[in-house]
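Examination of the molecular architecture
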Amino acid sequence: MKRETILKTLTGTIAVMFGYAAAIKLADYPKSRGEMLNQVFPQQVAEVLTWLIPTIEILLVILLLLPASRKIAAWTSLVLLSAFTGYIILATNDVFSRTPCSCGGILWDGASYFAQLIFNTCFIILSLICLNIENGWIKSMSWFHLKHKKQLVSNSA
């Protein structure tokens, strides 16, 4: 598999997730707003986040799909997913005066915090892989070419 194909697949997967998340929030705005108002931060912050988060998610979809902005979008995805994950960890460890609703988000209604942590962690890993490939931190993508190399060795024998 070529580097560009891998990056397009990974960033496309992340973009689909963010697009779906934004669509769910905007499709049922009253429910989304109610869930946001049930969080631990002040009502004014919740009101802003009700629109800001889906707006950022839509912007991320666009930026992830454009090769010129893919790197900054991968970084932003990583930061946003890490912030969501950190918030879940704080909420489950009784850091706040009360535990806010789990608000299944893009999973399913009533999804556990643990399910959300697993889901977020998978997408954090995808973002990290994108950044590794995009930044050239992975010098060789030999694991993708292992089968091809074995064929070359067997053909030359």
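This text goes with the structure placed above it.
So, a few notes on the structure that sits alongside this text. The structure presented is a predicted model; accordingly, all values stated were derived computationally and were not measured.

Once that is clear, we can look at the overall build of the protein chain. Helices and strands together make up the secondary structure of the protein chain, namely six helices and zero strands. In sequence order, the protein chain lays out its α and β elements as α-α-α-α-α-α. Pairs at least 24 apart in sequence give 68% of the contacts found in the protein chain among residues at least 6 apart. When the accessible surface of the protein chain is totalled, it reaches about 9,200 Å², and 69% of it is carbon and sulfur.

Turning our attention to a nonpolar patch on the surface. Nonpolar side chains collect at one region of the surface, where Leu26, Trp51, Ile58, Ile62 and Leu66 lie side by side and expose about 450 Å² of accessible area between them. If you tally residues by element for the nonpolar patch, the top one is helix 3 (residues 43-65), at three residues. What makes Leu66 partly exposed here is its relative accessible area of 44%.

Turning to the pattern of salt bridges, a few remarks are in order. Scanning the model with the defined rule gives five salt bridges in all. In this structure, the salt-bridge partner of Lys25 is Glu57, at a minimum N-O distance of 2.9 Å. Here Lys25, found in helix 1 (residues 3-27), pairs with Glu57, found in helix 3; they are 32 residues apart in sequence, far enough to count as distant. A relative accessible area of 2% places Glu57 in the buried class. One salt-bridge network, in which partners are shared between bridges, spans Arg3, Glu4, Arg70 and Glu134.

A few words now on the packing of helix 2 (residues 29-37) against helix 3. Two elements in contact, helix 2 and helix 3, have axes separated by 9 Å at closest approach and are oriented at 140 degrees. By the angle between their axes, helix 2 is oblique relative to helix 3. Here the hand of the crossing between helix 2 and helix 3 comes out right-handed. Of the residues in helix 3, those in contact with Tyr29, Arg33, Met36 and Leu37 of helix 2 are Gln43, Ala46, Glu47, Leu49, Thr50, Trp51 and Ile53. Across the contact of helix 2 with helix 3, the residue classes tally to seven nonpolar, two polar and two charged.

Calculation rules
Residues numbered from 1 in each chain as written. Predicted model: local features only at pLDDT ≥ 70, side-chain atom pairs only at ≥ 80, totals over all residues. Heavy atoms only, no water. Helix = DSSP H or I, 4+ residues; strand = E, 2+ residues; numbered from the N terminus. Contact = heavy atoms within 4.5 Å. Areas by Shrake-Rupley, 256 points an atom, 1.4 Å probe, with all protein chains shown as cover. Patch = residues over 30% accessible without salt bridge, like charges linked within 9 Å, V, L, I, M, F, W, Y side chains within 5 Å. Salt bridge = Lys/Arg side-chain N within 4 Å of Asp/Glu carboxyl O. Buried < 20%, exposed > 50% of the residue type's maximum accessible area, 1.4 Å probe, protein only. Axes fitted to C-alpha atoms, helices over the stretch in contact; angles between N-to-C directions. Parallel < 35°, antiparallel > 145°, perpendicular 65-115°, else oblique. Left-handed = near helix turned anticlockwise from the far one by under 90°. Nonpolar A, V, L, I, M, F, W, Y, C, P; charged D, E, K, R; others polar.

Everything listed here is a matter of geometry and, on its own, says nothing about what the molecule does.
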